[in-house]
Structures are given as C-alpha cells and as structure tokens.
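Chain by chain, the residues:
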Amino acid sequence: MNIFEKIVAGELPCKKVLENSKFLAFHDIAPKAPIHVLAIPKQCIKDFNAVTPDLMAEMSDFILEVVEELGIKDSGYRLITNIGKDGGQEVPHLHFHILGGAPLHWPYLA
Ligand code: AMP
C-alpha cells in the first residue's frame, strides 16, 4: 500500500479538511504555501492518466467544496497534479495539490 492508501485505510494519521464516501482532503505534511492541501480519491487510481471523466467530474466538485471550506475560493489558489517521473510525482495515487493563502510565485517549488 502507498502512503495515501494507508491514510484512507486509517493506518496513518492525517490532518483532515473534508471527507465524503469517495474523496478525502488533508493538509500536506510538508506545506509549500501557507495553505497546502491534498485532495485524493479513496479509490486507488495511479494518476490523472488513469482517471475516468465521471470520476474527474466528481473530483472537481469535491475540490470546489474543499476550497470553500478553506475560505480560498475567491482569493484564489493553485491546483496542481503531478504525473509520473518527469512530472515529479512521488506518491503513485492520484492527488491534487491545492495551494493558497498568499500570492504565489511561479513555480511554487524554489
Ligand atoms: P507528489 O510529489 O505530487 O507525489 O506529492 C506528494 C505530496 O505528498 C508531497 O507534497 C508530500 O509532502 C506529501 N506527503 C507525503 N507523505 C504525506 C503524509 N503522510 N501526509 C500528508 N502529506 C504527505
């Protein structure tokens, strides 16, 4: 099991922001911005290449609920998903980085 599957299974703790039957959002352990939250499907999907349009539509709705919960929907935020080796993906479980809480420079990784 990868780290995010363990979090979904309750075997590893997380600082939860929002959860429903299909998705979970929690604070990144090494934040790259004042607010850095990860939104993931509970189902194990490796990356954006593998997600179906139906699940992606539900994922989008969930992300919008998360940014409302975080209070950053109107102030703005950055949404990133890394894919594979060249994309810098470390955890092989689809996740969207939600970064905000301050004006962000590009790229966000120094
Ligand atoms: P990526 O490079 O796109 O795969 O991003 C993986 C992210 O997961 C990184 O930003 C890590 O800081 C974060 N991360 C790794 N382990 C944990 C954990 N146990 N809880 C929360 N975030 C984590």
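Worth saying up front: this structure is predicted, and the values here are computed from it rather than measured.

How each quantity is defined
Residues numbered from 1 in each chain as written. Predicted model: local features only at pLDDT ≥ 70, side-chain atom pairs only at ≥ 80, totals over all residues. Heavy atoms only, no water. Helix = DSSP H or I, 4+ residues; strand = E, 2+ residues; numbered from the N terminus. Buried < 20%, exposed > 50% of the residue type's maximum accessible area, 1.4 Å probe, protein only. Contact = heavy atoms within 4.5 Å. Patch = residues over 30% accessible without salt bridge, like charges linked within 9 Å, V, L, I, M, F, W, Y side chains within 5 Å. Areas by Shrake-Rupley, 256 points an atom, 1.4 Å probe, with all protein chains shown as cover. Salt bridge = Lys/Arg side-chain N within 4 Å of Asp/Glu carboxyl O. Pairing = 2+ DSSP bridges. Axes fitted to C-alpha atoms, helices over the stretch in contact; angles between N-to-C directions.

Caption draft 1: A look at the environment of cysteine 14. Following the sequence through the fold, cysteine 14 ends up in the loop between α1 (3-8) and β1 (16-19). The exposure class assigned to cysteine 14 is partly exposed, which follows from its relative accessible area of 30%. It is 7.2 Å that separates the C-alpha atoms of cysteine 14 and histidine 27, two residues lying 13 residues apart in sequence. Those residues within four positions of cysteine 14 in sequence are excluded, and the remaining contacts are Ile7 and Phe26.

Caption draft 2: Spatial organisation of a nonpolar patch on the surface. A contiguous nonpolar surface patch, about 240 Å² in accessible area, is contributed by Leu64, Tyr77 and Leu79. Structurally, the position occupied by leucine 79 is in strand β4 (residues 77-80). A relative accessible area of 42% means that leucine 79 is categorised as partly exposed.

Caption draft 3: Broad picture of the sheet that holds strand β3 (residues 35-41). The strand order β1-β2-β3-β5-β4 describes an open sheet built from 5 strands, whose pairing is antiparallel. Because the sheet does not close on itself, it has two edges, and the strands there are β1 and β4. Sheet twist, expressed as the average angle between the axes of neighbouring strands with direction ignored, equals 20°. Two elements, β1 and strand β2 (residues 23-27), share 3 bridges in a ladder whose sense is antiparallel. The residue bridging lysine 16 from the neighbouring strand is phenylalanine 26, located in β2.

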